[in-house]
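Architecture at a glance
One-letter residues, chain by chain:
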Amino acid sequence: MELFIQQVINGLAIGGIYALVALGYTMVYGVLKLINFAHGDLFTIGAYLGMTVFVSFGLGGIVPIWIAIPLVALMVMGLVAVLGGLLERAAYRPLRNASRLSAVVSAVGASIFFQNAIILLWGANYYVYPEAMRPSVIIDLFGMGVPLIRFILIGASILLMLVLYWFIHRTKTGTAIRAAAIDQGAAKLMGINVNRIISLVFLIGPGLGGVAGLMVGLAYGQIDFSMGFSYGLKAFTAAILGGIGNIPGAMIGGLILGLVETLGAAYLTIAWKDAISFFVLILILIIRPTGILGERVADKL
Amino acid sequence: MINPNSPSTANSPSTASTAKKICSSATYGSSKMPLYNYILIALVLVMSVLPQFMDAYWVAVFVSVGLGTLLSLSLNIILGQAGIFSMGHAAFYAVGAYVTAILNTRYGIPILYLLPISGFASAFFAMIVARPIIHLRGDYLLMVTIGIVEIVRIALVNDIGGLTGGANGLFGISRPEIFDIKIKKGEQFYYMIWSFVGVTVILFHWLNCSRFGRALSCIKEDDVAAEGCGINVTRYKLLAFMIGAFWAGMAGTLFAAKMTIISPGSFTFWDSVLLFAAVILGGGSQAGVILGAFLVFGLPEIFRSFAGARMLVFGLALMVMMIIRPQGIIPPRPRHYKLSKASQNKVDYALSQIQDSKDAQPTCSVHGKGEENL
């Protein structure tokens, strides 16, 4: 039972990260019907930037850690969001009217570009987050020691998701995003500046992805230039699991995927850990192709 | 939209031969040999003497580009011709290479016999995995094929059945022997692989000109309309998958024979992505796909002078090329069909009547050809 609860907490922590990255995929897909292959690399850049910002500003010495980390998170969010916006301008906007596969290849090019930019800037080695950034507080939960950071992660990701949910469903801009996702042409006729909306989506998605990268660094301590690939792939799986284009779906999909993966690795097989999410994906698509929360869209006729 | 059962092609007495002639002969209406054929001959000549002017390094680069070309051509059947979004080609490649490695190292079966065997194994694997997912559309299929690649790679790493040798892979694969000549030098592999590419190009060209190829084009354009025309979409899509996988499996055999060591690291999702990029970059025609493979697999070598930044430049080049030519470098030409002699005369007669009576320009600008755009 102890193991079970511990694994559930681990699963929710990693699931929260998947969910944050998945939100970026699902929002971009919702509006543009494009798989943003470079999203995983923006996530990695977030992890690296978090470390660099913390170290180079010497934040650990100036302010207490519980102020420093949120500050770093905000900065990372802003910087990665700007990168995402630039990416959209440079690589995707010129291909807006081309076939979707051309945009996919452009995204692959962007992904290669970012990955190698990371290698050039930070080197190809593993990086370990400084100890000052990750206070190893262990809290006692019914006699089990659980690192505090796991709870903070779960709390932070749920908080971010709630904020996003509120933004998408309760504000005027959020309504415009939903409208653009349903029908761009109609949204334009209603006076929505669709180009602005797409730019905005490319700010929010990568922003959240960047924070998720920082979270990975804080939780696991180790980052490397290629980690965006596996996290990105799983996050996209999570987005499909919940129903691609559906924002609450991405959140639920991420959490479920994190749980299934962690529990599967704990109780079934550790060697196949990375394959579990893909088995889940294939099963879901065969049984319910629209994902858990996805609505059945009428096929093109 | 062309229906493969359309009367214009099916009613003529020698359907197969005329279709072939139309497809391969000059389609621009002149009796001269078209420029395209001259380029082709020149290219074949250049490729056949090229190894004499290159050092071992560049021969090795060309050999790997040749393998990439083979794989891109086979992916083109699935992605370019049938329009099925598949990013899982490395899985079929891996199956071919591992079947070769296992049968060769355990039972000593010569490589050349294994060429068709691993092709069939790969096609069989494709049939099993593609059958339940073939009805999925677009991006869903893309994701599932990515999942399949990853599952295959992890399965190989986990040493399923004690056959695949885990993360270290398998080694000691023997070299191919043709007429008692053991192929082991880079140059010999160059000629073997590029002649294989040549044969592949011809076979796939015929395939594209066949009823099967027309059906695939039709499915790509609009699979609902294709279904309405009486094409069994599921069956044709599955066949496209199997043919592509068959060829990828054979490419896997060649790869295993060339490397003599294979490991799961050679068959990652990333390799699938590069193949995908080669096909889309090329545009879907065979010439385009070959060019695309050259760019995707050869360009990083040319950028070697940028040292550390070479993949950075490559990524940038990929983006820029897509932005400049979103439809790909050489998209497939529209299909042309000649009218039969009798209907040709009728068209000429009708055109002359129009000209006589109205003294107007004929509205049909393609003389003697019904032009259909696919």
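1. Topic: the interface of chain B and chain A
Listed per partner, the contact involves 43 residues of chain B and 45 residues of chain A. When the two sides are added together, the surface that chain B and chain A hide from each other amounts to roughly 3,800 Å², 82% of it contributed by carbon and sulfur. Of all residues in chain B, Tyr140, Met143 and Leu312 of chain B bury the most surface against chain A, accounting for 17% of the area lost on that side. If you look at where chain B meets chain A, you find one residue pair in polar contact (both at pLDDT 80 or more). Among the elements of the structure, helix 7 (138-157), helix 12 (269-282) and helix 14 (310-324) of chain B are those that each provide at least two residues to the side of chain B that touches chain A. Considering each element in turn, the side of chain B that touches chain A owes the most residues, twelve residues, to helix 7 of chain B. Tallied by class, residues from the side of chain B that touches chain A come to 34 nonpolar, four polar and five charged.

2. A closer look at the confidence of the model for chain A
It should be kept in mind that the predicted coordinates are not to be read in detail where pLDDT is low. On average, residues of chain A score 85 in pLDDT, and 97% of them reach the 70 mark or higher. Mean pLDDT values for the elements of chain A range from 71 in helix 3 (residues 59-62) of chain A up to 91 in helix 9 (residues 194-220) of chain A.

3. What about the pattern of salt bridges?
Residue and element names in this part refer to chain B. For the coordinates displayed, the defined rule picks out seven salt bridges over all chains. One salt bridge connects Arg153 with Glu150, and the closest N-O pair in it is separated by 3.2 Å. With Arg153 and Glu150 both in helix 7 and three residues apart, this pair spans about one turn of that helix. The exposure class of Glu150 is buried, given its relative accessible area of 4%.

4. Some details on the packing of helix 2 (residues 39-56) of chain A against helix 4 (residues 65-92) of chain A
Residue and element names in this part refer to chain A. At their nearest, the axes of helix 2 and helix 4 sit 9 Å apart, and the two run at 135° to each other. On the basis of the axis angle, helix 2 is oblique to helix 4. Considering how the two elements wind past one another, helix 2 and helix 4 form a crossing that is right-handed. Contacts between helix 2 and helix 4 involve Leu42, Ile45, Gly46, Leu49, Gly50, Val53 and Phe54 on the former and, on the latter, Ile65, Ala68, Ile69, Val72, Met75, Val76, Leu79, Val80, Leu83, Gly84 and Leu87. When grouped by side-chain class, the residues that make up the contact of helix 2 with helix 4 number 15 nonpolar, three polar and no charged.

5. Some thoughts on the environment of Ile117 of chain B
All names here are of chain B. Checked against the element boundaries, Ile117 lands in helix 6 (residues 111-130). For Ile117, a relative accessible area of 37% puts it in the partly exposed group. Distance from Ile117 to Leu103, taken between C-alpha atoms, is 9.7 Å for residues 14 residues apart in sequence.

Criteria and cut-off values
Residues numbered from 1 in each chain as written. Chains lettered and ligands numbered in written order. Predicted model: local features only at pLDDT ≥ 70, side-chain atom pairs only at ≥ 80, totals over all residues. Heavy atoms only, no water. Contact = heavy atoms within 4.5 Å. Buried area = accessible area lost by both parts, 1.4 Å probe. Polar contact = N/O pair within 3.5 Å; in protein donor to acceptor, adjacent residues only side chain to side chain. Helix = DSSP H or I, 4+ residues; strand = E, 2+ residues; numbered from the N terminus. Nonpolar A, V, L, I, M, F, W, Y, C, P; charged D, E, K, R; others polar. pLDDT = per-residue confidence, 0-100. Salt bridge = Lys/Arg side-chain N within 4 Å of Asp/Glu carboxyl O. Buried < 20%, exposed > 50% of the residue type's maximum accessible area, 1.4 Å probe, protein only. Axes fitted to C-alpha atoms, helices over the stretch in contact; angles between N-to-C directions. Parallel < 35°, antiparallel > 145°, perpendicular 65-115°, else oblique. Left-handed = near helix turned anticlockwise from the far one by under 90°.

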